[in-house]
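Structural features, examined
The residues making up each chain are set out below.
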Amino acid sequence: MKSAKEFITKEINRLNGLISKKGDQESNVLLKKELSNVIHLLEVFDRFQISKKTIDAIFELPDSHTGYSDYRIMNDCESDDPMQWVELKINDENIKLSEGDIIIRKK
C-alpha cells in the first residue's frame, strides 16, 4: 500500500512536469507549494510522533498585553517557590516563546 507521503511526492513530481510544459502554471505552482507544506508537516509529525491519537491539546499563546515580552518554560522542581524553579534549556539555549506560538501537549 502506498503511503500518503509517497502519493503526495508523486503528485508534486507530476505538477513539476506540468509547470515545465507551461500549462496552467499559477494554479499548479500554488498546489505544488501547498503539497510541499503538507510533506513538511508529515515529516514533523513522523519525527515527533504526532497524530490524532497522541495530541491531548494544542494551545496558542495569547497576547500578554505587557508590551513585547517572552513566555518561558520553567521546571518547578516540585516547589511552589519561584526561587527554586529552573528555566528549561535545550541544546544549552533557553527556550523563549512569544504570543502566537503554539504548544502541543501530547497524551
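About the criteria used
Residues numbered from 1 in each chain as written. Predicted model: local features only at pLDDT ≥ 70, side-chain atom pairs only at ≥ 80, totals over all residues. Heavy atoms only, no water. Salt bridge = Lys/Arg side-chain N within 4 Å of Asp/Glu carboxyl O. Helix = DSSP H or I, 4+ residues; strand = E, 2+ residues; numbered from the N terminus. Buried < 20%, exposed > 50% of the residue type's maximum accessible area, 1.4 Å probe, protein only. Polar contact = N/O pair within 3.5 Å; in protein donor to acceptor, adjacent residues only side chain to side chain. Contact = heavy atoms within 4.5 Å. Core = buried A, V, L, I, M, F, W, Y, C linked by side-chain atoms within 4.5 Å. Patch = residues over 30% accessible without salt bridge, like charges linked within 9 Å, V, L, I, M, F, W, Y side chains within 5 Å. Areas by Shrake-Rupley, 256 points an atom, 1.4 Å probe, with all protein chains shown as cover. Lys, Arg positive; Asp, Glu negative; His and termini not counted. Charge placed at Lys NZ, Arg CZ, Asp CG, Glu CD.

1. Re the pattern of salt bridges
Going through the model one piece at a time under the given rule, you end up with four salt bridges. Between K5 and E43 there is a salt bridge whose closest N-O contact spans 3.6 Å. Taken as a pair, K5 in helix α1 (residues 4–20) and E43 in helix α2 (residues 25–48) lie far apart in primary sequence, 38 residues in all. Under the relative-accessibility criterion, E43 is labelled partly exposed at 37%. The salt bridge involving R72 is made with E87; its shortest N-O contact spans 3.3 Å. Pair noted here: R72 is in strand β2 (residues 71–72) and E87 is in strand β4 (residues 86–87), with a separation of 15 residues, a long-range link. Given the relative accessible area of 44%, R72 is considered partly exposed.

2. Observations concerning the side chain of E87
Here R72 takes part through its side chain, which lies 3.3 Å from a polar atom of the side chain of E87. When residues no more than four places from it in sequence are discounted, the contact partners of E87 are R72, I73, M74, N94 and I95.

3. Observations concerning the nonpolar core
By size, the foremost hydrophobic cluster in this structure holds five residues: I8, I12, L15, L35 and I39. Those elements giving two or more residues to this core turn out to be α1 and α2. Element by element, the count of residues in this core is highest for α1, at three residues.

4. So, a negative patch on the surface
Together, D76, E78, D80 and D81 make up a region of like negative charge exposed at the surface. Tracing the backbone through its elements, the reader meets D76 in the loop between β3 (74–75) and β4. Owing to a relative accessible area of 39%, D76 belongs among the partly exposed residues under this scheme.

Read these as geometric descriptors, not functional statements.
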